[in-house]
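# A structural walkthrough
Each chain is listed here by its residues.
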Amino acid sequence: MTNPRIADGCGHDGPSLPLATVLARLAEVIEPISGQQRLALRSALGHILAEPITAPAPVPAHDNSAMDGYALRHADLEAGPLKLVGSAFAGHPYSGEIGPGECVRIMTGGVVPAGADTVAMQEHAEAKDTTITITRPPSAGDNIRRAGEDLQAGDVVLPAGRRLTAADLGVIASMGVAEVSVMRALRVAFFSTGDELRSLGETLGPGEIYDSNRYTLFGMLTRLGVDLIDMGVVRDDETALQHALDQAAANADVILTSGGVSVGEADFMGKLLQMHGEAHFWSIAMKPGRPLTFGRYGKAWYFGLPGNPVSVMATFTQVVTPALRQLAGELHQPPARFRLPCRSALRKKPGRQEFQRARLVQQADGSLAVESVGRQGSGILRSMSEADCFIVLPADCGNVAEGDWVDVEPFGAPLV
Ligand code: AMP
Ligand code: MG
């Protein structure tokens, strides 16, 4: 297979590109990986369906009662009390057919017996031995869950590309399906670049800092369900970097690095990519996180993130996440955004789209609002930790006054 050429029109030091343009370009060139596996249902949680799931039979399979009460023929109700002829409990159906003037004791989930068309709630009935008086008559058809009302046979219940949730596991189990075909996990190799970086457990020398990007990337990649290859810290040295890239490309679908993409730095990564693959140097009109290198190294896709810890997280969530999801075979899921009143005044210069760190707050009247976590510098990683959402400010917007409405994008993964 030949690698698709990456649509371009923007080379070295080109003008800043809107985030939307970058996302559209990535969506155009990226093709999902191939390879599937069969997994037992429980193991498939969080994996991406490789094939759609179709209901083999209706769920529920039979009309059944939504209440504890009496199954009866609605037309008999005017004629007076009914005669109790048997019972239909969940898992123990009544085998006969209900005749005129008869009824059957039925429990929630019990199959509605042949002949019955309505269930009266037990709270609306009085029983004396086998004589049942309905004190408050139901309407015809009341309190019955219809066969197929959840799923009809032949329904495409879940499409290929769906990332399976807890609710999905239940829906699939309700159809009696024990195994599903999912995409194999995407393999992502990542390392940090920079002579100033030390790994945890090492002692810091003068001017050195701990490598935090590998930890935020570890966390975000783990949440995406990819297979990780953590390659540690690599020095700003061409031979060492080439060796790391060779090793990453031999083992992974995607290579992710942080640091070393700023203009002015000895840009070995760009040079190595151009020699062994393809490189695009994008300046994205977003804050934090302007520079991004995208391309290929050997057969692997490459994303070179900026070094700043907050920029890494912002670029990862906005650019790399949708690309990795597409590579992994997941259906496109634009991030959830909604508008809320902002309880903080925000400083913003027109020009770039901004992702300001913020948190959701419940106001005294119960309604939701958002407030800034404070300092927004791209070196202040704590602001990400204190936040639970981004306030997304459009490129052309300026300062925001307290009480203005803003777009909010929550962090975090769904539980259901
Ligand atoms: P760079 O893009 O390499 O010029 O890095 C920009 C800033 O981010 C510098 O202050 C670096 O020290 C810092 N930085 C780069 N990589 C990391 C990392 N892995 N962990 C923490 N800070 C980093
Ligand atoms: Mg660096």
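Cut-off values and rules
Along each chain, residue indices are assigned from 1 in the same order as the chain's sequence is written. Chain letters start at A and ligand numbers start at 1, both assigned in the order the entries are written. With the structure being a predicted model, the display of local features is reserved for residues of pLDDT at least 70 and the display and counting of side-chain atom pairs for 80 or more, all residues being used for whole-chain, interface and lining totals. To get the side-chain values, take all heavy atoms of the structure and skip hydrogens and water. The source of the domain bounds is an automatic or database domain assignment. By convention in these notes, a residue is near a molecule or strand provided one of its non-hydrogen atoms lies within 4 Å of it. Nitrogen and oxygen atoms within 3.5 Å of one another constitute a polar contact, given that in protein one can donate a hydrogen and the other can accept it, and given that sequence-neighbouring residues count only through two side-chain atoms. Where accessible areas are quoted, they stem from the Shrake-Rupley method and a 1.4 Å probe; at the residue level, only the protein chains shown are allowed to cover. By the convention adopted, Pro, Cys, Tyr, Trp, Phe, Met, Ile, Leu, Val and Ala count as nonpolar, Lys, Arg, Asp and Glu as charged, and the other residues, Gly among them, as polar. By salt bridge we mean one thing: a side-chain nitrogen of Lys or Arg within 4 Å of a carboxyl oxygen of Asp or Glu. Only runs of H or I of at least four residues qualify as helices and only runs of E of at least two qualify as strands under DSSP, and these elements are numbered from the N terminus. Here a strand pair is declared whenever DSSP counts at least two bridges between the two strands. Angles here are taken between N-to-C directions and fall from 0 to 180 degrees, while the axes themselves are lines fitted to C-alpha atoms, restricted in helices to the stretch in contact. Contact criterion: two residues are considered in contact whenever any of their non-hydrogen atoms come within 4.5 Å of each other. When the centres of two rings from Phe, Tyr and Trp lie within 6.5 Å, Trp using its six-membered ring, the rings pair. Their planes under 30 degrees apart give stacked, over 60 give edge-to-face, and anything left gives tilted. Relative accessibility under 20% of the residue-type maximum defines a buried residue, over 50% an exposed one, and the middle range a partly exposed one, all with a 1.4 Å probe and only protein chains included. Patch definition: residues above 30% relative accessible area lacking any salt bridge, with like charges linked at up to 9 Å and the nonpolar side chains Val, Leu, Ile, Met, Phe, Trp and Tyr linked at up to 5 Å. Taking the helix axis as origin, the arc is that swept by the directions to the C-beta atoms. An angle below 35 degrees is read as roughly parallel, one above 145 as roughly antiparallel, one from 65 to 115 as roughly perpendicular, and any other as oblique. Handedness of a crossing is defined here by the sense of rotation of the near helix relative to the far one, left-handed for an anticlockwise turn of less than a right angle and right-handed for a clockwise turn.

## Details of the domain arrangement of the chain
Interface size, as often reported, equals the accessible area lost upon joining of the parts. Here the chain is partitioned into domain 1 (4-35 + 184-327), domain 2 (37-52 + 158-183), domain 3 (64-145) and domain 4 (338-410). A C-alpha centroid distance of 57 Å is found between domain 3 and domain 4.

## Details of the site of ligand 1
Around ligand 1, the surrounding shell holds 16 residues, and the nearest of these are Glu196, Asp211, Ser212, Asn213 and Gly260. Ser212 places a polar main-chain atom, nitrogen or oxygen, 3.1 Å from a nitrogen atom of ligand 1. Gly307 is positioned such that a nitrogen or oxygen atom in its backbone is 3.2 Å from an oxygen atom of ligand 1. Protein burial of ligand 1: of its 480 Å² of free accessible surface, 79% is covered by the chains. Residue classes in the shell around ligand 1 are distributed as four nonpolar, nine polar and three charged.

## A short note on the pattern of salt bridges
By the definition in use, this model includes 17 salt bridges. Taking the shortest distance from any N to any O, the salt bridge between Arg343 and Glu371 comes out at 3.3 Å. Taken together, the residues Arg343 in the loop between β22 (338-341) and β23 (353-362) and Glu371 in strand β24 (residues 368-372) connect sequence positions 28 residues apart. Residue Glu386 pairs with Arg382 through a salt bridge whose shortest N-O separation is 2.9 Å. Taken together, the positions of Glu386 and Arg382, both in helix α7 (residues 382-386) and four residues apart, correspond to about one turn of that helix.

## Observations regarding the sheet that holds strand β21 (residues 300-305)
Overall, mixed pairing links the six strands, which are arranged β16-β13-β17-β21-β20-β18 in an open sheet. Either end of the sheet is taken by a strand with one partner, and the two such strands are β16 (227-234) and β18 (277-283). For this sheet, the mean angle separating the axes of adjacent strands, direction not counted, is 15°. Bridge count between strand β13 (residues 187-193) and strand β17 (residues 254-258): five bridges; the pairing is parallel. In the sheet register, Ser192 faces β17, and the bridge partner there is Ser258. In the packing of helix α1 (residues 19-29) onto the sheet, contacts are made with β18, β20 (291-297) and β21, and the angle to β18 comes to roughly 160°. In this fold helix α6 (residues 309-327) packs onto β17, β20 and β21, with an angle of close to 165° to the strand it touches most, β21.

## Regarding the packing of aromatic side chains
Scanning all chains against the criterion turns up five aromatic pairs. Both rings, one in Phe294 and one in Trp301, keep their centres 5.9 Å apart while their planes meet at 10°; by these two values the pair is stacked. Grouping residues by exposure puts Phe294 and Trp301 together as buried. With 5.0 Å between their ring centres and 75° between their planes, Phe390 and Phe411 make a pair best called edge-to-face. In this pair, Phe390 sits in strand β25 (residues 389-393) while Phe411 sits in the segment after β26 (405-410), placing the two residues 21 residues apart along the sequence. Take Phe390: its relative accessible area is 1%, and that puts it in the buried class.

## Observations regarding a nonpolar patch on the surface
A contiguous nonpolar patch, built from Leu200, Leu204, Tyr210 and Tyr215 and spanning about 380 Å² of accessible area, is present on the exposed surface. Structurally, Tyr215 can be placed in helix α3 (residues 213-224). The exposure class of Tyr215 is partly exposed, given its relative accessible area of 42%.

## Considering the pairing of strand β12 (residues 179-183)
Burial within β12 is extensive, with four of its five residues counted as buried. Note: strand β1 (residues 36-40) against β12, five bridges, orientation antiparallel. Bridge pairing in β12 links Leu39 to Val180.

## Re helix α5 (residues 268-276)
Of the residues making up α5, those classed as buried are Met269, Gly270, Leu272 and Leu273. Within α5, the buried residues cover an arc of 165° as seen down the axis, which keeps them to one side. Buried residues belonging to α5 abut β13, α4 (238-251), β17, β18, β20 and β21.

## So, the packing of α3 against α6
Running from N to C, α3 and α6 cross one another at 25°; their axes reach a closest spacing of 11 Å. Taken as axis vectors, α3 and α6 run roughly parallel relative to one another. Handedness of the α3/α6 crossing: right-handed. Touching Asn213, Thr216, Leu217, Met220, Leu221 and Leu224 of α3 are Pro309, Val312, Met313, Phe316, Thr317, Thr321, Leu324 and Arg325, all from α6.

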